[in-house]
Amino acid sequence: MRLNRRTALGLGTVVTAGTVLGAAAPASAAETTEAAPTTPARAALRVASVFTKHSVAAGGNWQAYVSVADPAGTPVVAVEADADRRIEAYSVNKIAVATAVLDKVDRGLLTLDQQVEVSAAIVVPGGDGIFSLDGAYPSLVTLGHVLANLLTVSDDTAVRLCGLVAPAAEINSILVAKGFPNTQVQPVANPNRFFLGTSTPRETHDLLRALVAGTLLSPASTTYLLGLLRSPVAFTDGIRRTMSSDDRARIATKAGWFADARHEAGVIFDRSGAAVLTYALFADGQANPEDFGATHPAVQARAAMGPKFLAAVDRIAGVGKTFRITARRPSNGG
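Please read these numbers as outputs of a predicted model, since none were measured by experiment. (Residues numbered from 1 in each chain as written. Predicted model: local features only at pLDDT ≥ 70, side-chain atom pairs only at ≥ 80, totals over all residues. Heavy atoms only, no water.)

K.L.:
Can you break down the overall build of the chain residue by residue, with the values?
P.N.:
Along its length, the chain carries twelve helices and eleven strands. Split into buried and exposed, the 334 residues of the chain put 54% on the buried side. Contacts in the chain between residues at least 24 apart in sequence constitute 68% of all its contacts with a sequence separation of at least 6. In the structure as shown, the chain presents an accessible area of about 13600 Å², 55% of it carried by carbon and sulfur atoms. (Helix = DSSP H or I, 4+ residues; strand = E, 2+ residues; numbered from the N terminus. Buried < 20%, exposed > 50% of the residue type's maximum accessible area, 1.4 Å probe, protein only. Contact = heavy atoms within 4.5 Å. Areas by Shrake-Rupley, 256 points an atom, 1.4 Å probe, with all protein chains shown as cover.)

Here it is, written out as structure tokens:
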């Protein structure tokens, strides 16, 4: 089992936060049972300690970038571990695909209520999601339905359906124009199909920051995309696993898993709905690569990080626009 040397030594994590405070601190010093920090710098130190502890315990390789919002100015970097390494992002890049599709919606080239055909040929056999479970094709679904499945249950067929309205080359050009040259899908022979491609922790982090800042998409598309990532049915095995429904609603998240990689990226909001912490956590090389459940070491590590990240920033004010979430009420049918 490989262990990333930078992570093991805390380079770019605790050292980064310690530098902000004026003195480096050991990994165990910041993660305590004390009250939640009241400054972004101290919150970043706590986050750095939590990341180091659990990523080292999980083993393998970690590439990550995490920041805490600072109302006084630039976000405080809490974790910076191989943040510019271009790696396979897997399903985390479904956020980027959705961004390109919604960009076309914003420009009037597509609409969320337009329909696409789900044919038997386009379904990914055995893929994650629900389209492969339908068992009755062809069917017609709206583009909004496609994006909802893309970003919540991480539907693999939804990727191909997005390709019908946004070919690979167009997705990549949109992302480059928005300032994300390393966040790119991988084209194949069919121009309407692609592998999910690459990103870097820093670019994924910056894309999410641009999203919550309102500079990536229109207000309507921004609210729509964040609503999907914050919904109760969005990924709950990692950062959001051990949380109440109210706390889960404060987190917009997207995971990606393939081969031995287990990734997750997202945003934690303060109680008013302003973004307070942004994370991009990419991990591979841990034990049990055949385990795609909640017991994988990297997934368990993120599940341990989540509540501690939330607690670390619970007394820190977010920055920028606020995105309130509509309360979800379970239904008994009828």
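Moving on from the model shown.
K.L.:
If you had to explain unusual backbone geometry to someone new, which residues and values would you point to?
P.N.:
Of the consecutive residues Tyr137 and Pro138, the connecting peptide bond is found in the cis state with omega at 0°. Along the polypeptide, Pro138 turns up in the loop between β4 (115-118) and β5 (139-142). Phi is positive for Asp82, which is not a glycine, with a value near 50°. Tracing the sequence through the fold places Asp82 in the loop between β2 (73-81) and β3 (87-88). For Asp82, a relative accessible area of 15% translates into the label buried. The backbone of Tyr90 sits at a positive phi, close to 50°, despite the residue not being glycine. By secondary structure assignment, the location of Tyr90 is in the loop between β3 and α5 (94-106). Look at Tyr90 and you get partly exposed, because its relative accessible area is 21%.

K.L.:
Report on the packing of helix α6 (residues 143-151) against helix α10 (residues 219-229), specifying residues and quantitative values.
P.N.:
The contact between α6 and α10 brings their axes to 8 Å, and the two run at 45°. Regarding the angle of α6 to α10, the classification is oblique. Classified by chirality, the crossing of α10 by α6 is right-handed. Across the interface between the two elements, Gly144, Leu147, Ala148 and Leu151 from α6 touch Tyr224, Leu225, Leu228 and Leu229 from α10. The residue inventory of the contact of α6 with α10, partitioned by class, reads seven nonpolar, one polar and no charged. (Axes fitted to C-alpha atoms, helices over the stretch in contact; angles between N-to-C directions. Parallel < 35°, antiparallel > 145°, perpendicular 65-115°, else oblique. Left-handed = near helix turned anticlockwise from the far one by under 90°. Nonpolar A, V, L, I, M, F, W, Y, C, P; charged D, E, K, R; others polar.)

K.L.:
Residues and numbers for helix α8 (residues 168-177), please.
P.N.:
Restricting attention to buried positions, one finds in α8 the residues Ala168, Ile171, Asn172, Ile174 and Leu175. Viewed end-on, α8 has its buried residues packed into an arc of 160°, placing them on one side of the element. Exposed side chains of α8 directed beyond 90 degrees from the buried face belong to Ala169 and Ala177. Against α5, β6 (184-187), β7 (194-199) and α9 (201-213) lie the buried residues of α8. Count one or two residues on from α8 and you reach Gly179, which has phi positive near 100°. (Arc of directions from axis to C-beta.)

K.L.:
A description of the side chain of Lys94 should follow, citing residues and the corresponding values.
P.N.:
Mapping Lys94 onto the fold places it in helix α5. There is a polar contact of 2.7 Å between the side chain of Lys94 and the backbone oxygen of Ser154. Apart from residues lying up to four places away in sequence, Lys94 is in contact with Leu150, Leu151, Ser154, Asp155, Asp156, Val159, Leu196 and Lys254. (Polar contact = N/O pair within 3.5 Å; in protein donor to acceptor, adjacent residues only side chain to side chain.)

K.L.:
Break down empty space enclosed by the protein for me, with residues and values.
P.N.:
If you walk through the whole model with that rule in mind, you get one cavity of 30 Å³ or more. Here the largest cavity is characterised by a volume of approximately 50 Å³. Along the walls of the largest cavity sit Val92, Asn93, Ile95, Ala96, Thr183, Thr204, Leu207 and Leu208, which together make up its complete lining. Contributing elements (two or more residues each) for the lining of the largest cavity: α5 and α9. Of all the elements, α9 adds the most residues to the lining of the largest cavity, at three residues. Here the lining of the largest cavity is built from residues that sort into five nonpolar, three polar and no charged. (1 Å grid on protein atoms, 1.4 Å probe; cavity = no way out; pocket = protein on both sides within 12 Å on 5 of 7 lines; lining within 4 Å. Points joined across faces, edges and corners; volume = space filled by probe spheres on them.)

K.L.:
Which residues make up the sheet that holds β7, and what values do they have?
P.N.:
Read across the sheet, three strands follow the order β3-β7-β6 without closing on themselves; strand pairing throughout is antiparallel. Because the sheet does not close on itself, it has two edges, and the strands there are β3 and β6. Inspection of the sheet shows β6 paired to β7 by three bridges, in the antiparallel sense. Across the sheet, residue Pro187 finds its bridge partner in β7, namely Phe194. Here α8 sits on the sheet and contacts β6 and β7; the angle it forms with β6, its principal contact strand, is near 155°. (Pairing = 2+ DSSP bridges.)

K.L.:
Explain the packing of aromatic side chains to me, and be specific about the residues and the numbers.
P.N.:
Scanning the entire structure with this criterion turns up four aromatic pairs. A ring pair is formed by Tyr90 and Phe258, whose centres lie 5.3 Å apart and whose planes are at 40°; its orientation type is tilted. Remark: Phe258 occurs in strand β8 (residues 251-258) and Tyr90 occurs in the loop between β3 and α5; sequence separation between them is 168 residues. Note on Phe269 and Phe323: the rings are 6.3 Å apart at their centroids and 70° apart in plane angle, and the pair reads as edge-to-face. Of this pair, Phe269 sits in strand β9 (residues 261-269) while Phe323 sits in the segment after β11 (319-322), placing them 54 residues apart in sequence. (Phe/Tyr/Trp six-rings, centres within 6.5 Å; stacked < 30°, edge-to-face > 60°.)

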